[in-house]
Structures are given as structure tokens and as C-alpha cells.
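Below, each chain spelled out in residue letters.
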Amino acid sequence: MRFLWFGKKKVHKVATPEVEVERTPVEVFSVSGFAIESNPVVGGKNTELSHATINSMILSVLSEATSPADIAAQEFFQERGANVLPINSYSFTADRGFSARVVDGAITRTVLIGPVEAISRATTPFCPSIAAATQSSPESFVVAIDGIAYAAFTLSSELI
């Protein structure tokens, strides 16, 4: 005669090795070295612009671009409270950068965003703070509004 065991029968579990999924690196863009000058032409008449106006003009021009680096720049300026203003005559070339006419109320301003070499030929001499920012980072972008450089920034990327 056999005795029945009323408990569960133990099943031996075989340990399966965990497979580690290889993660592909992701490129993340950010804005660094941002320098802004609200009145780069000291003693100049009607050249002073608020930081909010300058940031909004930059965002307005960059809002037409769709690359990951440009989207990171858009987010950077939105965090600074910039608003998108109406633009017209937008253009972009890789060697010269962005250009557009931005409508700020009753005033339409020409905004250029591009490499230091291209913008320096189209503007008045840089003020000391913008010149220092471009010397510390030669690959930076300069923002010129109506022929005067008001800001400079660098778009950098890293793999994470």
C-alpha cells in the first residue's frame, strides 16, 4: 500500500540567464555659452531691446527649423519666456545660417542667426560681451537684429 502525499510536488526551476539588451546611444543637444546684451551700441539711439524681445525674435526664427538641435534651442528660449512672433521672408543656408523678418507689433525687424564669420560681415562690430563669447567658442551662433549683434550661443551635443 502506498501513502499519498497531499502537498504539491516540487518543480525544479531552471535559471535562465538574463539577456542584457544593448542600448544604443542617443544624441542629446543643448544650448550653452548663452550671452545676451540688451544695448550693445552704447550711446546709440533706439538700439536698446529687452531680453524678452531678443529671446522672442530668436525663437520666432528658429521655430521654422525642425532638426533636433534646433528643437533643443527652441526649448531653451521657451524656458526663458520667449513667445513666437509672426515672421516672413524666412530662409536658411548651411553656410550663412537663418534669416527672417520678424514682426514685433508695428515694427518689422531683420533677424540673422548664423556662424560668427557670416554674421560679423553683416553687422556692426561686436560689443565686448558678444566678442568674448565668440572668442571662447568659435563654433557659436551670433544673433543680429537690424545689423547689430545682440546675442551669442553654442549648440552642443553629447551621446548618452
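Rules and cut-offs
- Residues numbered from 1 in each chain as written.
- Predicted model: local features only at pLDDT ≥ 70, side-chain atom pairs only at ≥ 80, totals over all residues.
- Heavy atoms only, no water.
- Core = buried A, V, L, I, M, F, W, Y, C linked by side-chain atoms within 4.5 Å.
- Buried < 20%, exposed > 50% of the residue type's maximum accessible area, 1.4 Å probe, protein only.
- Helix = DSSP H or I, 4+ residues; strand = E, 2+ residues; numbered from the N terminus.
- Contact = heavy atoms within 4.5 Å.
- Salt bridge = Lys/Arg side-chain N within 4 Å of Asp/Glu carboxyl O.
- Expected span 1.5 Å × (residues − 1).

What follows concerns the nonpolar core. One broad rule of soluble globular proteins: the nonpolar side chains tend to lie buried together. Ranked by internal contacts, the top residues of the largest apolar core, which has 26 residues, are Ile58 and Ile113. Breaking this core down by element, the ones donating at least two residues are strand S1 (27-36), helix H1 (51-62), helix H2 (68-79), strand S3 (97-104), strand S4 (107-115), strand S5 (141-145) and strand S6 (148-159). The element contributing the most residues to this core is H1, with 6 residues. The residues contacting Ile113, other than those within four sequence positions of it, are Ile58, Val61, Leu62, Arg96, Gly97, Phe98, Ile119, Phe141, Val142, Val143 and Phe153. If you look at the next biggest cluster of nonpolar residues, it comprises 11 residues, including Cys127, Ala133, Ala149 and Ala152.

When their charged atoms lie close together, side chains carrying opposite charge are able to pair. Summed over the entire model, instances satisfying the criterion amount to 1 salt bridge. With a closest N to O distance of 3.3 Å, Asp146 and Arg109 form a salt bridge. You can see Asp146 sitting in the loop between S5 and S6 and its partner Arg109 sitting in strand S4, a full 37 residues away along the chain.

If you trace the backbone, Gln74 turns up in helix H2. We classify Gln74 as buried; its relative accessible area is 14%. With residues near it in sequence (within four places) discarded, Gln74 still touches Leu59, Leu62, Ser63 and Ala65.

Compared with an ideal rise of 1.5 Å per residue, which puts 12 residues at 16 Å, H2 spans 17 Å between its outermost C-alpha atoms and is within 8% of the ideal. Looking at H2, one finds that the buried residues are Ala69, Asp70, Ala72, Ala73, Gln74, Phe76 and Phe77. Next to the buried residues of H2 lie S1, H1, S3 and S6. Directly beyond the C-terminal end of H2, a positive phi value near 85 degrees is found at Gly81.

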